[in-house]
Amino acid sequence: MESLHREVAVSLVSCSGWGDVFGQDRAVALLRRILERGEIPHAMLFTGPRGVGKYASAILFSAALLCPSGSPDGCASCLKVARGVHPDLHLVEPEGSQI
């Protein structure tokens, strides 16, 4: 049941482009600059109130890192990320009140 929930939650992001994130132009611009420069930090923390696009941004950033084109474009790799089945993507999510 848990994996079904994860697949449904991840599939809310299509990974076909940065347009999946609404109202976060500044944050998306920062993520895109990081990708363009190729200066990927060893860790990133997406924080903020519920519903502001943290999850979608993190999934899209992951898709871009794993995509052969370097940008989320809906390719096979991006679709695997969107479905939560990419072999190189491991999601760490809270279970109840604990991670």
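Since the model is a prediction, treat every value here as computed from it, not as a measurement.

Enquirer: I'd love a proper account of the overall build of the protein chain, names of residues and values included.
Expert: Within the protein chain one finds four helices and zero strands. In the protein chain, the succession of α and β elements from N to C terminus is α-α-α-α. Within the protein chain, buried positions represent 26% of all 99 residues. Restricting the contact set of the protein chain to residue pairs at least 6 apart, pairs at least 24 apart contribute 55%. Put simply, the protein chain shows about 6,800 Å² of open surface, and 55% of that area lies on carbon and sulfur atoms.

Enquirer: Could you give me a rundown of the environment of serine 16, with the residues and numbers involved?
Expert: Within the secondary structure layout, serine 16 lies in the loop between helix H1 (2-10) and helix H2 (25-37). Among the residues examined, serine 16 registers a relative accessible area of 47% and is labelled partly exposed. Between the alpha carbons of serine 16 and cysteine 78 there is a distance of 7.3 Å; along the sequence they are 62 residues apart. Here serine 14 takes part through its side chain, which lies 2.8 Å from a polar atom of the side chain of serine 16.

Enquirer: Which residues make up helix H4 (residues 76-83), and what values do they have?
Expert: Three or more residues of H4 are buried, namely Ser77, Cys78, Val81 and Ala82. Down the axis of H4, the buried side of the element spans an arc of 140°, and every buried residue falls inside it.

Analysis parameters
- Residues numbered from 1 in each chain as written.
- Predicted model: local features only at pLDDT ≥ 70, side-chain atom pairs only at ≥ 80, totals over all residues.
- Heavy atoms only, no water.
- Helix = DSSP H or I, 4+ residues; strand = E, 2+ residues; numbered from the N terminus.
- Buried < 20%, exposed > 50% of the residue type's maximum accessible area, 1.4 Å probe, protein only.
- Contact = heavy atoms within 4.5 Å.
- Areas by Shrake-Rupley, 256 points an atom, 1.4 Å probe, with all protein chains shown as cover.
- Polar contact = N/O pair within 3.5 Å; in protein donor to acceptor, adjacent residues only side chain to side chain.
- Arc of directions from axis to C-beta.

Nothing here speaks to function; it is geometry throughout.
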